[in-house]
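This is what each chain is made of:
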Amino acid sequence: LAVSCTQLSYLLSTIMARDGSATAAAPSAALGLAIFAAIPIAASLYARQKRKRDEERRRAASRHRSSVYEEFRGKKYLRPPFPPAVKDMLTRCRLAYLSTVDVDQSSSHLSLMRYTYIPEEEVIVMSTNTKTKKFTMLEKQTGVALLVHDFAQFGDDDDNGGGNSGAGGGEQQTYSITLNGMCHIVGTGPDAERYRAAHLKANPQYPQFIVGEDIAMLCVDVQEARICDIHDRVTKWNVNDGVEGSRGSKLS
């Protein structure tokens, strides 16, 4: 734009020098030149104001997330414990499939996540870059589903059912567990760093996904669980009533 302004000024000067009658039009030409020269300045001011508004919105959103999380942490209520199968699975495994909802597109998004189970709080913590699609979704809608399983994934010969060693050292069954709950974005502060330290300790080989200025900590408060064993028998659990149904019942 600076080059264009210089060229325009030179062109106007040339015209005025060659034709004395152009002198009468000089004020109008000068006004046009001034307006043209002001365009990049106005654009710069607009961009600066937009960055300022965006930063204010980000700070407001961060304060709101922090207040929502603090409200969640401040709740004091008795809840039934996770069933043993859920505790064992969350303790042994490290990978889960996280489903988030895109409220703008009426669709969902699936992510493979490394997680850490905090047994004393019965919450699941994860981390994500703030520039990801799932982070944007979680800013708008916190309801999520997590799928955790220990089924064999490479061929059918490696049958894990009944042959794995559980947390207590005995044999265990193979399960697929779907967890539904609220995924809170933990604002910067002691809780976020405490969760980050625990997550890094459990996943020391993946610091690139856990530590960084753009990495946010997530905390999932599980409300419901569906536990399906290798024989397709389903047990339900929820935060209000505990275990529903029987492990021997085949539920849809």
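(A) Here's a closer look at the overall build of the protein chain. Scanning the protein chain for helices and strands turns up five helices and 11 strands. Residues classed as buried in the protein chain amount to 32% of the 252 residues present. Within the protein chain, counting contacts between residues at least 6 apart in sequence, those at least 24 apart form 66% of the total.

(B) Focus on unusual backbone geometry. With phi around 55°, Glu122 is a residue other than glycine that occupies positive phi space. Looking at where Glu122 falls in the secondary structure, it is placed in the loop between strand 3 (116-118) and strand 4 (123-129). The backbone of Asp232 sits at a positive phi, close to 65°, despite the residue not being glycine.

(C) Spotlight on the pattern of salt bridges. Throughout the structure, instances matching the rule amount to nine salt bridges. For Glu193, the salt bridge identified is with Arg196, shortest N-O distance 3.2 Å. Of this pair, Glu193 and Arg196 both sit in helix 5 (residues 190-202), separated by three residues, roughly a single helical turn. Judged by relative accessible area, which is 43%, Glu193 ranks as partly exposed. Judged by relative accessible area, which is 12%, Arg196 ranks as buried. Shared partners join several salt bridges into a network, and the residues in it are Asp88, Arg92 and Asp150.

(D) Focus on the nonpolar core. In terms of nonpolar packing, the biggest core is built from 31 residues, with Leu90, Tyr115, Ile124, Met126, Leu146, Leu179 and Val220 touching the most fellow members. At the level of secondary structure, the elements contributing two or more residues to this core comprise helix 3 (84-92), strand 1 (95-102), strand 4, helix 4 (133-140), strand 5 (143-149), strand 8 (175-186) and strand 9 (215-229). It is strand 9 that contributes the most residues to this core, six residues altogether. Every residue in contact with Tyr115, bar those within four places of it in the chain, is listed here: Met89, Leu90, Cys93, Arg94, Leu95, Ala96, Ile124, Val125, Met126, Val148, His199 and Asn203. Counting eight residues, the second-largest nonpolar core is a separate cluster that includes Ala192, Tyr195, Met217 and Cys219.

(E) Highlighting the pairing of strand 8. Bridge count for strand 5 against strand 8 is seven bridges, and the pairing is antiparallel. Among the inter-strand pairings, Leu146 is bridged to a residue of strand 8, identified as Leu179. Looking at chain direction, strand 8 and strand 9 are connected through 12 bridges and run antiparallel. Its bridge partner lying in strand 9, Ser176 is registered against Cys228.

(F) Spatial organisation of the state of the cysteines. Throughout the structure, instances matching the rule amount to zero disulfides. Here Cys183 is not cross-linked by a disulfide; its sulfur's nearest cysteine counterpart is in Cys219, at 7.8 Å.

(G) Molecular detail of the packing of aromatic side chains. Evaluation of the coordinates by the stated rule reveals three aromatic pairs. Each ring, one from Phe82 and one from Tyr117, has its centre 6.2 Å from the other, and the planes form 40°; the classification is tilted. Within this pair, whereas Phe82 is found in the loop between helix 2 (26-74) and helix 3, its partner Tyr117 is found in strand 3, the two being separated by 35 residues in sequence. Pair check on accessibility: Phe82 and Tyr117 agree, each one buried. Positioned above the aromatic ring of Tyr195 is the side chain of Arg194, whose terminal nitrogen or guanidinium carbon lies 4.7 Å from the ring centre.

(H) Spatial organisation of helix 5. For helix 5, spanning 13 residues, the distance from its first C-alpha to its last is 18 Å, which sits close to the expected 18 Å at 1.5 Å a residue. All buried positions along helix 5 are accounted for by Ala192, Tyr195, Arg196 and His199. For helix 5, the angular spread of buried residues about the axis comes to 105°, placing them on one side. In helix 5, the exposed residues that point more than 90 degrees away from the buried face are Pro190 and Lys201.

(I) Up close: the side chain of Arg196. Of note is the side chain of Arg196, whose polar atom sits 3.4 Å from the backbone oxygen of Ile215. Look past the residues within four positions of Arg196 in its chain and what remains in contact with it is Ile210, Val211, Gly212, Ile215 and Met217.

Calculation rules
Residues numbered from 1 in each chain as written. Predicted model: local features only at pLDDT ≥ 70, side-chain atom pairs only at ≥ 80, totals over all residues. Heavy atoms only, no water. Helix = DSSP H or I, 4+ residues; strand = E, 2+ residues; numbered from the N terminus. Buried < 20%, exposed > 50% of the residue type's maximum accessible area, 1.4 Å probe, protein only. Contact = heavy atoms within 4.5 Å. Salt bridge = Lys/Arg side-chain N within 4 Å of Asp/Glu carboxyl O. Core = buried A, V, L, I, M, F, W, Y, C linked by side-chain atoms within 4.5 Å. Pairing = 2+ DSSP bridges. Disulfide = S-S within 2.5 Å. Phe/Tyr/Trp six-rings, centres within 6.5 Å; stacked < 30°, edge-to-face > 60°. Lys NZ or Arg CZ within 6 Å of the ring centre and 35° of its normal. Expected span 1.5 Å × (residues − 1). Arc of directions from axis to C-beta. Polar contact = N/O pair within 3.5 Å; in protein donor to acceptor, adjacent residues only side chain to side chain.

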